[in-house]
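Here is what each chain is made of, one letter per residue.
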Amino acid sequence: MTQINKLKIFNDPIYGFISIPNELIYDLIQHPYFQRLRRISQMGLSYLVYPGANHTRFHHALGCMHLMQKAVETLRFKGVAITTEEECAVLIAILLHDIGHGPFSHAMEKSIVEDVNHEAISLLFMNQLNDEFDGKLSLAIQVFKGEYHRKFLLQLISSQLDMDRMDYLKRDSFYTGVAEGNVNSERLIQMMNVVDDVLVIEEKGIYSVEKFLLSRRLMYWQAYLHKTSLVAELILMKVLKRAKELTLKGVNLPCSEPLKYFMQNKITLENFDAEKLDLFSQLDDFDIISALKAWQRHDDFILSTLSKMIINRDLLKIKLSAEKIPMEESQTLKEEFANDHNVSLLEAGYFIFRGKIKNQAYSKEAEPIRILKKDKTIEDVVEASDQLNLKSLSKLVTKYYICFPKQLI
């Protein structure tokens, strides 16, 4: 049998060449669970706003792993002891951190698999892979769950300044063309250090941190919470909710078998066994798109109308406001729509609905980004910064929205 060379190189448009560090990571990347991420878009339906935003979770996971390699290299250079086992564990944990994402990323969580979030599904996948790989992922799982004694390893995977955020801001900025999100990940990594097993940023890196937080805030308003992306995702959730409702009433909707299974059954974390995990691993964006294309011609008015909206990008109107939108406003619109289309008020709620979005670039409640001062003291970045805008970046900004059909304007 010929020996496969597993130390491959990927060519990435952001970082150039990304190398696979060992054979175990090669085998994980080759696994069908991970290959599925090639068919899950990183930014959901944002390509309806930014035509270039067609990159996938697969891209992102490899990018995160690459940044983690750089971080480990930098910390070792500064004298932080990281064993080969710890390095492998942290690379695996960041590589698999998003493996539990469903089609179009967040839409599934809020409609079909209602009670299980993607982090929990990621952990189920990791445990399953650990069984298949004879326990070689045990330390990675320990680090991922925050059960390992060296805290900084988890901070590199999940914190307010982690490899995940660094990659998605830079990558999403590149693919959308929203230049404000372009963070200097290389500089940020060079400024990292570890004190008492806790991650810190050296004082001279404070401006890079400020720029990173500002970029994050701008990317949320311009890309992730862009009103058209937002309304498209909300419509997708409504379509899936309606499809599940009809399926549970016994209506047979054309769609793939894995999607049908999740629409016919109530899935909780308790009953999410290996069989369900395997079915979930067969779901990707293509299941949803092909279902929407079929449902456009269904005789259920709600299902067909909402499906057409996404396929043809003829979406609901969305209005944003700094003030809470009064209930009477949506009620009046619902009554008008119900009369015009001969549907109930409850059904009109699929087309007219209110909600709110929040944006906070830096949370004071979460674990802080720590700045290591020249005198060796450690301070929260908000206190260490001379920029007033950092205090404003830690304020929670809430905006309210109402969605309704264009003909009701």
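Rules used throughout
- Residues numbered from 1 in each chain as written.
- Predicted model: local features only at pLDDT ≥ 70, side-chain atom pairs only at ≥ 80, totals over all residues.
- Heavy atoms only, no water.
- Helix = DSSP H or I, 4+ residues; strand = E, 2+ residues; numbered from the N terminus.
- Rg over C-alpha atoms; globule rule 2.2 N^0.38 Å.
- Buried < 20%, exposed > 50% of the residue type's maximum accessible area, 1.4 Å probe, protein only.
- Contact = heavy atoms within 4.5 Å.
- Areas by Shrake-Rupley, 256 points an atom, 1.4 Å probe, with all protein chains shown as cover.
- Lys, Arg positive; Asp, Glu negative; His and termini not counted.
- Charge placed at Lys NZ, Arg CZ, Asp CG, Glu CD.
- Expected span 1.5 Å × (residues − 1).
- Phe/Tyr/Trp six-rings, centres within 6.5 Å; stacked < 30°, edge-to-face > 60°.
- Lys NZ or Arg CZ within 6 Å of the ring centre and 35° of its normal.
- Pairing = 2+ DSSP bridges.
- Axes fitted to C-alpha atoms, helices over the stretch in contact; angles between N-to-C directions.
- Core = buried A, V, L, I, M, F, W, Y, C linked by side-chain atoms within 4.5 Å.
- Patch = residues over 30% accessible without salt bridge, like charges linked within 9 Å, V, L, I, M, F, W, Y side chains within 5 Å.
- Salt bridge = Lys/Arg side-chain N within 4 Å of Asp/Glu carboxyl O.
- Parallel < 35°, antiparallel > 145°, perpendicular 65-115°, else oblique.
- Nonpolar A, V, L, I, M, F, W, Y, C, P; charged D, E, K, R; others polar.

Chemist: When you look at the overall build of the protein in this model, what are you seeing that I'm missing?
Modeler: Helix and strand counts for the protein stand at 19 helices and nine strands. Taken over C-alpha atoms, the radius of gyration comes to 23 Å for the protein, in line with the 22 Å a tight globule of 409 residues would show. Structurally, the protein occupies a C-alpha span of about 70 × 65 × 35 Å along its principal axes. Among the 409 residues that make up the protein, the fraction classed as buried is 56%. Considering only intrachain contacts with a sequence separation of at least 6, the fraction spanning at least 24 residues in the protein is 71%. With the model as given, the accessible surface of the protein reaches about 18,500 Å², and the carbon-plus-sulfur share is 51%. For the protein, the centre of its 51 positive side-chain charges and the centre of its 54 negative side-chain charges are spaced 4 Å apart.

Chemist: Could you clarify how one ought to interpret helix α8 (residues 163-176) in this entry?
Modeler: Since there are 3.6 residues in each turn of an α-helix, residues three or four apart along the chain are aligned in direction. Between its first and last C-alpha, α8 extends 20 Å over 14 residues, near the 20 Å set by a 1.5 Å rise per residue. Along α8, 13 of the 14 residues are buried, which leaves the element largely enclosed by surrounding structure. In the segment just after α8, Gly177 is the residue with positive phi, at about 85°.

Chemist: Please explain the packing of aromatic side chains as it appears in this structure.
Modeler: The relative placement of two aromatic rings is captured by the distance of their centres and the angle of their planes. For the structure shown, the criterion picks out 14 aromatic pairs. Taking 5.1 Å as the distance between ring centres and 80° as the angle between the ring planes, the aromatic pair formed by Phe174 and Tyr175 counts as edge-to-face. Judged by centre distance (5.9 Å) and plane angle (80°), the ring pair of Phe262 and Phe280 falls under edge-to-face. Residue Phe262 is found in helix α12 (residues 257-264), and its partner Phe280 is found in helix α13 (residues 274-280); the two are separated by 18 residues along the sequence. Three or more aromatic residues joined by ring pairs form one cluster here, namely Tyr33, Phe125, Tyr261, Phe262, Phe272 and Phe280. Across the ring face of Phe58, the terminal group of Arg38 is positioned such that the distance to the ring centre comes to 3.9 Å.

Chemist: Would you explain the environment of Leu129 in this entry?
Modeler: Relative to the helices and strands, Leu129 resides in helix α5 (residues 118-132). You can call Leu129 buried: its relative accessible area is 1%. In this structure the C-alpha to C-alpha distance between Leu129 and Tyr224, which are 95 residues apart in sequence, comes to 31 Å. With residues up to four places along the chain from it excluded, the contact list for Leu129 reads Leu28, His31, Tyr33, Leu96, Ile99 and Leu137.

Chemist: Honestly, the sheet that holds strand β4 (residues 198-202) in this entry has me stumped. Any pointers?
Modeler: Consider a sheet: its strands pair through backbone hydrogen bonds, and that pairing is either parallel or antiparallel. The strand order β3-β4-β7-β8 describes an open sheet built from four strands, whose pairing is mixed. Unpaired on one side and paired on the other, β3 (192-195) and β8 (378-380) mark the two borders of the sheet. Pairs of neighbouring strands in the sheet enclose a mean axial angle of 45°, with direction left out of account. Pairing geometry for β3 and β4, over four bridges, is antiparallel. Across the sheet, the residue bridging to Val195 is Val198, located in β4.

Chemist: Is there a simple way to explain the nonpolar core in this structure?
Modeler: Among soluble globular proteins, nonpolar side chains are generally buried collectively. Core analysis: the biggest nonpolar cluster contains 139 residues, and Leu95, Met163, Trp295 and Val381 have the highest contact counts within it. When neighbours within four sequence positions are excluded, Met163 is seen to be in contact with Cys64, Leu67, Met68, Ala71, Ile94, Leu156, Ile189 and Met192.

Chemist: Would you mind showing me how to read a positive patch on the surface here?
Modeler: A surface patch of positive charge is lined by Lys324, Arg354, Lys356 and Lys358. Locating Arg354 in the fold gives a position in strand β6 (residues 353-359).

Chemist: What should I look at first to understand the packing of helix α11 (residues 227-248) against α12 in this one?
Modeler: In a pair of packed helices, the angle between the axes and the distance between the axes together describe the arrangement. The geometry of α11 relative to α12 is characterised by a closest axis approach of 8 Å and an angle of 75° between their N-to-C directions. As summarised for this structure, α11 and α12 are arranged roughly perpendicular, according to the angle between their axes. Note on element contacts: α12 touches α11 through Phe262, Met263 and Gln264, opposite Ala243, Lys244, Thr247 and Leu248. Classifying every residue of the contact of α11 with α12 gives four nonpolar, two polar and one charged.

Chemist: Which parts of the structure should I look at to understand unusual backbone geometry?
Modeler: A negative phi holds for most residues other than glycine; trans holds for most peptide bonds. Look at Asp197: it is not a glycine, yet its phi comes out positive at around 60°. By the secondary structure assignment, Asp197 is in the loop between β3 and β4. Since its relative accessible area comes to 25%, Asp197 is described here as partly exposed. Residue Arg313 is not a glycine yet carries a positive backbone phi of 50°. Along the chain, Arg313 falls in the loop between α15 (301-311) and β5 (317-321).

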